[in-house]
Amino acid sequence: DEWVNNKGFFNDIATPGVAEDGATAESSSTNSFVDTNVQVQGIQEGDIVKTDGNFIYYASPWSSTIRVFSVSTSNVVSEVTSIQLQTETDTIYTDSMYLTERYLVVIGYRYDLTNYAGCMEVDEAGNDVFCDYFPFWQPTGSVVFINRDTYQIDYSLRTDAAFMDHRIVPKFDTNGQLLQETLFLVGHNYFYYNYHDQTAELRPYFIENEGDKVYLDYEDMYYFENSYIYGMTTLVGIPLLADAEAITYSASAYLGAMADYKKVYVNFDSLYLAQSNYHWDETTSHQTTTLSKFSLNVMEATLEFEAVINLLGTAINQFALDEYEGYFRIATTNETYTYTNTDTWIWSNENRTITNRLYILEDDGEGSFTTIAVLEEGLGKPGERIYSVRFEGPIAYIVTFERIDPLYITDLSDPLNPTFRSEIVLPGFDTYQHPWSEDHLIGIGYNVDEETGWMSGMKITAYDVGEDARELQTLNISEY
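Residue positions are counted from 1 within each chain, in the order its sequence is given. This being a predicted model, a pLDDT of at least 70 is required before a residue's local features are given, and a value of 80 or more before pairs of side-chain atoms are given or counted; all residues contribute to the totals for chains, interfaces and linings. Based on all heavy atoms of the structure, the side-chain values leave hydrogens and waters out of the count.

> Describe in detail the pattern of salt bridges, supporting the description with residues and values.
A pair is scored as a salt bridge if a Lys or Arg side-chain nitrogen falls within 4 Å of a carboxyl oxygen belonging to Asp or Glu. The tally for this structure, following the rule as stated, stands at 15 salt bridges. In this structure, the salt-bridge partner of Asp-52 is Arg-148, at a minimum N-O distance of 2.7 Å. With Asp-52 in the loop between β5 (49-51) and β6 (55-58) and Arg-148 in the loop between β11 (128-147) and β12 (153-159), this residue pair connects regions lying 96 residues apart in the sequence. On the accessibility criterion, Asp-52 (2% relative accessible area) is buried. We note a salt bridge from Lys-293 to Asp-363, for which the minimum N-O separation is 3.1 Å. Working definition: helices are DSSP H or I runs of at least four residues, strands are E runs of at least two. Numbering for both runs from the N terminus. Burial classes follow relative accessibility: with a 1.4 Å probe on protein chains only, a residue under 20% of its type's maximum area counts as buried, one over 50% as exposed, and anything between as partly exposed.

See below:
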């Protein structure tokens, strides 16, 4: 418990809420509680359940109802009310929530009816054009700030971008007093290009407090060279001000990258965005990552571009990204195929090569990164790809897998000379690691048949990652 409290996973606070009769219910309770697991302590991440120890807010994904429960000092849980995000003309479907002292922040989406041309024909000028319009429902990103005292919406923002990830970042003064919190969101706009209307507006739009539709200015849109232009990545900042009437958003957008492959790492100073790209020609294919760095200004709720670099391979998730003492670390897997395109439109894989890399980078101050070191040799057996990564200070824990699970404990204390400290090999693989004290690590993953590679159930593994790096125990929690 002492270590957990030191790491900030438990909080003891009391927050007013609304009782069943609608009156504000002041609580003097000091219930202990576990907050949402986060990658960087102090940077909030969204969840479908949020609590302050006195009230629990729950929103099932893809629903439009938030249920509110009170928690007594004797741990009795009672439903207080439900917040409906559905009207006769509009519905907001919840995806994630945040809890601050004043607001319940809901990230979700609406569905807008959009016309799309579903076939191709040749016009009188000989140009290929789409034909036969048909409607479809397009999800649009929505943010609402719900006042915790009144359960009314104090602020709302909607956009045609789908929000891929988000964080709440605080700003403190020199005495440790909270000055402001700001919600930062990363979205994606796919270009539904319509050949019947080549003047169609492709810029992202925003609607604030159900007002007028406002398109992003051209001066706030940028592009990276050598990037695929399937759509726009949008960056949005919204300050969580006590005066709701003073709240407004800032936004910018960047051409390039695909929709579903964005990994975000956020600390108190910067937002890093790793976007995957897939390259192919008639005989080969491989992957790259466009890594971008943006500086955060919490007080202005803005993001400013700092640096960009293209790297080989793709990162598996946000935990494959990390910054430590001025250096950025990212682990990637590049899977290269050489193939033959047959007459039956079936690709015959003639060769597959998997290469895992750990990059250590430094912002060069001129819009790019300097590669300090790359660890490649020995990171995974032949045919193994990265399945999970966790950075803890100068140590990186990397799991690769094909038939067995090597856990590589990597020492990055000398950024110029990253080295393997030890290797633990087990059947199965971990999909997530969680540091537990300075010398212990918890791995969560799956049992796997070593002959076939088929998963046979889940497992939890406790590791001793001290100087001797001994495996402690493997707990099989299911066999189905």
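Having seen it, we continue.
> Would you mind going over the sheet that holds strand β8 (residues 77-84) in detail, with residue names and values included?
Following DSSP output, two strands are said to pair if at least two bridges run between them. Spatially, β5-β6-β7-β8 is the arrangement adopted by the four strands of the open sheet, whose pairing is antiparallel. Each edge of the sheet is formed by a strand with only one pairing partner; in this case those strands are β5 and β8. For this sheet the average axis-to-axis angle between neighbouring strands, irrespective of direction, equals 20 degrees. Bridging between β6 and strand β7 (residues 65-71) involves four bridges; their strand directions are antiparallel. Paired with Tyr-57 across the bridge in β7 is Val-68. To obtain an axis, a line is fitted to C-alpha atoms, over the contacting stretch when the element is a helix, and the angle between two such axes runs from 0 to 180 degrees between their N-to-C directions.

> Explain the sheet that holds strand β17 (residues 221-223) residue by residue, including any values.
The five strands lie next to each other as β13-β14-β18-β19-β17, forming an open sheet whose pairing is mixed. Across the chains shown, the open sheet's two edge strands, defined by having one partner strand only, are β13 (162-172) and β17. Each strand of the sheet is rotated relative to its neighbour by a mean of 20 degrees, with strand direction disregarded. In the sheet, β17 pairs with strand β19 (residues 250-255) via three bridges, with the strands oriented parallel.

> Got a sec to walk through the pairing of strand β28 (residues 385-392)? Specific residues and values, please.
Bridge analysis of β28 against strand β29 (residues 395-401) gives seven bridges, and the strand direction is antiparallel. The residue bridging Val-389 from the neighbouring strand is Ile-398, located in β29. Joining the antiparallel neighbours β28 and β29 is a turn of two residues, in which Gly-393 adopts a positive phi near 65 degrees.

> I'd like a description of a nonpolar patch on the surface, backed by residues and values.
Patch definition: residues with relative accessible area over 30% and no salt bridge; like charges joined within 9 Å; nonpolar side chains (Val, Leu, Ile, Met, Phe, Trp, Tyr) joined within 5 Å. Values of accessible area rely on a 1.4 Å probe in the Shrake-Rupley scheme; residue burial ignores everything except the protein chains shown. A contiguous nonpolar patch, built from Phe-172, Leu-178 and Phe-268 and spanning about 270 Å² of accessible area, is present on the exposed surface. In this fold, Leu-178 is placed in strand β14 (residues 178-190).

> Describe the pairing of strand β32 (residues 429-435), with residues and values.
Among the seven residues of β32, six are classified as buried, and the element is accordingly described as predominantly covered. Where β32 and strand β33 (residues 440-448) come together, six bridges link them in antiparallel fashion. Looking across to β33, one finds that Gln-433 is bridged to Gly-443. The hairpin turn running from β32 into β33, its antiparallel successor, is four residues long, and Ser-437 in that turn takes a positive phi close to 75 degrees.

> Lay out the nonpolar core with the relevant residues and their values.
Take the buried Ala, Val, Leu, Ile, Met, Phe, Trp, Tyr and Cys residues and link them wherever side-chain atoms come within 4.5 Å; each set so joined is a nonpolar core. One finds Leu-271, Leu-291, Leu-321, Ile-330, Leu-358 and Leu-361 to be the most contacted residues of the largest nonpolar core, which totals 45 residues. Considering every element that reaches this core, the biggest residue donor is strand β23 (residues 302-312), with five residues.

> Please give an account of unusual backbone geometry that cites residues and values.
We note that Ala-301 has phi near 60 degrees; this positive angle belongs to a residue other than glycine. Inspection of the secondary structure assignment puts Ala-301 in the loop between β22 (284-297) and β23. Non-glycine residue Ser-437 carries a positive phi angle of around 75 degrees. One can find Ser-437 in the loop between β32 and β33.

> Any chance you could break down the side chain of Thr-355 for me, citing the residues and the numbers?
Note on placement: Thr-355 falls in strand β26 (residues 347-363). Since its relative accessible area comes to 17%, Thr-355 is described here as buried. Whether two residues touch is decided by their heavy atoms; if any such pair falls within 4.5 Å, the residues are in contact. With residues up to four places along the chain from it excluded, the contact list for Thr-355 reads Thr-332, Thr-333, Asn-334 and Glu-376.

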